[in-house]
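Structural overview
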Amino acid sequence: MKKDIILAGVGGQGILSIAAIIDWAALKSQLQIKQAEVHGMSQRGGAVQSHLRISDSEIFSDLIPQGRADIILSVEPMESLRYLSWLSDEGWVISASDPFKNVPDYPDEELLFHALEALPRKKIIDAVSIARDCGNAKSSNIVMLGAASGFLGIDPEMLKDGIRSFFGRKGEEVVGVNLKAFEAGRTLAERK
Amino acid sequence: MEKTLVLGDEAVALGGIDAGMSGIYAYPGTPSTEITEYVQNSSEAREWKIRSEWSANEKTAYEAALGMSYAGKRAMVCMKHVGLNVAADPFINSAITGVQGGLILAVADDPSMHSSQNEQDSRYYGRFAMIPVLEPANQQEAYDMVYEAFSLSEKVKLPVMIRLTTRLSHSRAGVLRKTRIQQNQLNPVSDTKRFIILPVNARVQYKSLVDMQPELERNSSASVFNRLIEGDHKDFGIIACGIAYNYAMEAMQLADLKLPVLKIAQYPLPDALIRQFFSACKKVLILEEGYPVYEEFMRGYFDNGQLLGRLDGTLPRTGELNPDIVLLALTGKEVPVPARPEVLVNRPPALCQGCSHRDVFLDLNEVLEPFGEKHVFSDIGCYTLGALPPFNSICSCVDMGASVTMAKGAADAGLRPAVCVIGDSTFTHSGMTGLLDAVNDKSPLTVVISDNHTTAMTGGQDSPGHGRLYSICAGLGVDPAHIRSIEPLKNKREANRKVYREELAYEGVSVIIASRECIQTASRRKKQEKQTQD
Ligand SMILES: Cc1ncc(C[n+]2csc(CCOP(=O)(O)OP(=O)(O)O)c2C)c(N)n1
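If you're wondering where the values come from, they're calculated on a predicted model, not measured in any experiment.

Definitions and cut-offs
Along each chain, numbering runs from 1 in the same order as the chain's sequence is written. Chains carry letters from A onward and ligands carry numbers from 1 onward, assigned in written order. For a predicted model such as this one, the threshold for reporting local features is a pLDDT of at least 70, and the threshold for listing and counting side-chain atom pairs is 80 or more; totals across whole chains, interfaces and linings nevertheless cover every residue. Side-chain calculation: all heavy atoms of the structure are included, whereas hydrogens and water are not. Going along the chain from the N terminus, every DSSP run of H or I of four or more residues is numbered as a helix, and every run of E of two or more is numbered as a strand. Between the two quantities, the radius of gyration covers C-alpha atoms and the globule rule is 2.2 Å times the number of residues to the power 0.38. Partly exposed describes any residue whose relative accessible area lies between the buried limit of under 20% and the exposed limit of over 50%, with all areas from a 1.4 Å probe on protein chains only and scaled to the type maximum. When checking whether two residues touch, look at their non-hydrogen atoms; a contact exists if any pair is within 4.5 Å. Reported accessibility uses the Shrake-Rupley method at a 1.4 Å probe radius. Residues are deemed covered only where the shown protein chains occlude them. His is not counted, nor are the chain ends; Lys and Arg add positive charge and Asp and Glu add negative charge. In this description, the location of a charge corresponds to atom NZ of lysine, CZ of arginine, CG of aspartate or CD of glutamate. Aromatic rings from Phe, Tyr and Trp, taking only the six-membered ring of Trp, are treated as a pair when their centres fall within 6.5 Å; an angle between ring planes under 30 degrees marks them as stacked, one over 60 as edge-to-face, and anything in between as tilted. Charge-over-ring placement is defined geometrically: NZ (Lys) or CZ (Arg) within 6 Å of the ring centre, and within 35 degrees of the ring normal. Only protein atoms enter the 1 Å grid used here. Points where a 1.4 Å probe fits but cannot escape make up a cavity, open sets with protein on both sides within 12 Å along at least five of seven lines make up a pocket, and a residue lines them when an atom lies within 4 Å of a point. Grid points are joined across faces, edges and corners, and a volume is the space filled by probe spheres set on the points. Nonpolar side chains (Val, Leu, Ile, Met, Phe, Trp, Tyr) within 5 Å and like charges within 9 Å form the patches, drawn only from residues with over 30% relative accessible area and no salt bridge. Salt bridges are counted wherever a side-chain nitrogen of Lys or Arg sits within 4 Å of a carboxyl oxygen of Asp or Glu. Any residue with at least one heavy atom within 4 Å of a molecule or strand is counted as near it. Pairs of N or O atoms are called polar contacts if they sit within 3.5 Å, as long as, within protein, a hydrogen donor faces a hydrogen acceptor (for residues adjacent in sequence, only side-chain-to-side-chain pairs). Here the nonpolar group is Ala, Val, Leu, Ile, Met, Phe, Trp, Tyr, Cys and Pro; Asp, Glu, Lys and Arg are the charged ones; every other residue, Gly included, is treated as polar. Residue ranges assigned to each domain were obtained from an automatic or database domain assignment. Comment: axis = line fitted to C-alpha atoms, over the contacting stretch for helices; angle = value between 0 and 180 degrees taken between N-to-C directions. Should an angle fall under 35 degrees it is called roughly parallel, over 145 degrees roughly antiparallel, and 65 to 115 degrees roughly perpendicular, with every other angle called oblique. Note on convention: the crossing is left-handed when the near helix lies turned anticlockwise from the far helix by less than a right angle, right-handed when the turn is clockwise.

On to the overall build of chain A, then. Scanning chain A from N- to C-terminus turns up seven helices and six strands. Ordered by position from N to C terminus, the α and β elements of chain A give β-α-β-β-β-α-β-α-β-α-α-α-α. For 192 residues, the compact-globule estimate of 2.2 N^0.38 gives 16 Å, and chain A sits close to it at 16 Å. With the C-alpha coordinates aligned to their principal axes, the bounding extent of chain A is approximately 40 × 40 × 35 Å. Taking all 192 residues of chain A together, the buried fraction comes to 60%. Of all intrachain contacts in chain A linking residues separated by at least 6 positions in sequence, the fraction that spans at least 24 positions is 63%. Accessible area for chain A stands at about 7700 Å²; split by element, carbon and sulfur atoms hold 49% of it. Taken together, the 22 basic and 26 acidic charged side chains of chain A have centroids lying 2 Å from each other.

Residues and elements named next belong to chain B. Considering all chains together, one arrives at 13 aromatic pairs over all chains under this definition. Summarising the aromatic geometry, the rings of Tyr143 and Tyr147 are spaced 6.0 Å apart at their centres and angled 20° between planes, so their arrangement reads as stacked. Of this pair, Tyr143 and Tyr147 both sit in helix α8 (residues 139–156), four residues apart, which is roughly one turn of that helix. Of the two residues, Tyr143 and Tyr147, both sit in the buried class. Within the aromatic cluster, the residues linked to one another by ring pairs are Tyr62, Phe91 and Tyr125. The ring centre of Tyr294 lies 5.6 Å from the NZ or CZ of Arg127, which sits over that ring.

This next bit is on empty space enclosed by the protein. Residues and elements named next belong to chain B. Considering all chains together, one arrives at one cavity of 30 Å³ or more under this definition. In terms of lining, the largest cavity is formed by 13 residues, of which the most central are Cys352, Cys355, Cys382, Ala456 and Cys518. Mapped onto the lining of the largest cavity, the elements with two or more residues apiece are α15 (356–368) and α20 (519–533).

Attention shifts here to a nonpolar patch on the surface. There is a patch of nonpolar side chains on the surface, built from B:Ile196, B:Leu198 and B:Val200 and spanning about 280 Å² of accessible area. Here B:Leu198 lies in the loop between β7 (171–175) and α10 (199–222).

The next point concerns the site of the ligand. Residues and elements named next belong to chain B. What surrounds the ligand is a group of 26 residues, the closest being Glu58, His357, Asp424, Thr426 and Ala456. In the model, an oxygen atom of the ligand is placed 2.6 Å from a nitrogen or oxygen of the His357 side chain. At 2.9 Å from an oxygen atom of the ligand is found a main-chain nitrogen or oxygen belonging to Cys382. Contributing elements (two or more residues each) for the shell around the ligand: α5 (81–86), α17 (424–441) and β18 (454–455). Among the residues forming the shell around the ligand, the class breakdown is ten nonpolar, 13 polar and three charged. When residues are assigned to domains, the shell around the ligand turns out to be shared by domain 1 (4–211) and domain 3 (356–521), each giving three or more.

All names here are of chain B. Axis separation between helix α16 (residues 402–413) and α17 bottoms out at 8 Å; the angle between their running directions is 20°. Considered as vectors, α16 and α17 are oriented roughly parallel to each other. In this structure, the crossing between α16 and α17 has a hand that is left-handed. From α16, Val404, Thr405, Lys408 and Asp412 reach across to α17, where they touch Gly431, Gly434, Leu435, Asp437, Ala438 and Asp441.

Here it is, written out as structure tokens:
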């Protein structure tokens, strides 16, 4: 078992929370992990990514080689296109459809979604509206985790335990909303 | 035992906590910040009373750590690579005095300059100071090395450097902990002469540092961190330093190659291992994350062509390594990458909406408009983003504190108005001393302290002079009539601009403290307050 995952988004969008939950679940599943994150300058609203590698044998590099990622999991549609050179020929792009426009030259949405639709293997998820339906728009990153959960090679129940552990401090209600968001993302991705 | 999932930085912190460290001293700086933050947030560290508050700058941090070591306890000092320039004086001299309690310098380099002004390689400093340097390849090694390095430091009575790079500092993996070592008892230096490095003592100390070098080399040769990984080929081998080892192994996996690898993680170089390796291999590729420090060293002046690396074009001369670069060096075959989609645009970092620095730059742009050409010296922090559109406000960002002194020099040369913008944390880091120079010289200069009450760029650490900027400036001798406090807000714009105009017109040293809380820390604080109320 070996999964190479690129997490993508904009600084402040919560890709590190997704990473933390996958990390937790992978560790509990006795798997090896390496997860390179971006801290510092680019977290100020810039493009951020994380290389997350899970394997049942030794992982050497903290960075994924070009053309080797199994999944690009993005919480923002344009950001899902930034790291395509890492995606393997069989790789999937799982992206939220909610644009985060903090640059003046953000592309035309029609062109953007055209580029996304042209990808051979993709799942595009209305993460924010689904999260809102589950109780909190802020859980959109967990909707995306749910949408990717079928691709990670980790038992979804373990990921849910990860959500409980990650949000536990914030109380039952927050945990509940996020579990719901996870399930909603998961079901939707299966149907798509 | 279960593994603890930590960043490379956090593994360093954890190693220190478990090795009986009594204090950690640091000024924040990407990618080193999380070392100290981990200790600050660790309940174990609190229970064991490990001292961990931020220092005003890297020099004060280093000296305090040296003082703790003098008193017999184990201390760590952390900084980013350029921080070591600031702390270079105590650092180099601490190799002359030697240490008492184990002293670890954890320094994090930033090749490719993800969040830095340069990509200097701290291993040069290690050689310069002639101390042992450890360069972990992974999180477990980072933990193990720190754990061992305190005893090494106490054995050789020298500070030991742990050199990290961004990818290890900010990458997570599981780490197995060891049993905790008790902290040292208070046990101050008795042979104090070695700490009084008057020439007469320093010569003796320096001689003993030089004499120590063969022992340091023997330690490296015997170190578990330096080792040979056998391969099938005999004529081509790889020397992989620090994290470059990971890329070598990854690239060989991809290319289905099994070359002999000499993994180097403890310096000075293990002489015997290196010589054996060179005599066994016809060609040797050397992989270093950072400068070609040891490549240059091994090539020597009369390069015999046996070595491949950054200096002969086999690898790029600048920037960090990755598996793809190493794969290309090994196979000569480039991995084809798809073209970048046309719709994709860049997303550079920017000042947050509502950030007080925004108002400062808008006001400055406005009041400087009549002067035509605009030269606003600035400094390092979030406010450096004032260099980008739509502000385009600043003309310099060189090193922490340089805004004040460069503006002073330009004022001395006749530049008017001479203005600088500096953050609160940068001001107390090393801007205050420059202001003293300006006061003594009566240089006509306006210093704008864009005070957001925090060290924002690195994640919102405490700002050492918070609430005392006015008295600091007054204490340094700035005329109180020309220390002006404003609140950079849209609705105070007109009044604030009047203040700027008045001080720009003043032919002397003036300071404008533009003070409003960072919106990131403000929202975090409000959330916390709400949580404690609930
Ligand atoms: C010598 C040195 N130490 C540390 C850093 C890392 N660093 C860059 S900006 C910064 C914080 C600046 O804080 P402040 O001046 O208050 O500005 P803010 O980011 O809050 O706007 C730090 C610690 C550095 N670049 N150089």
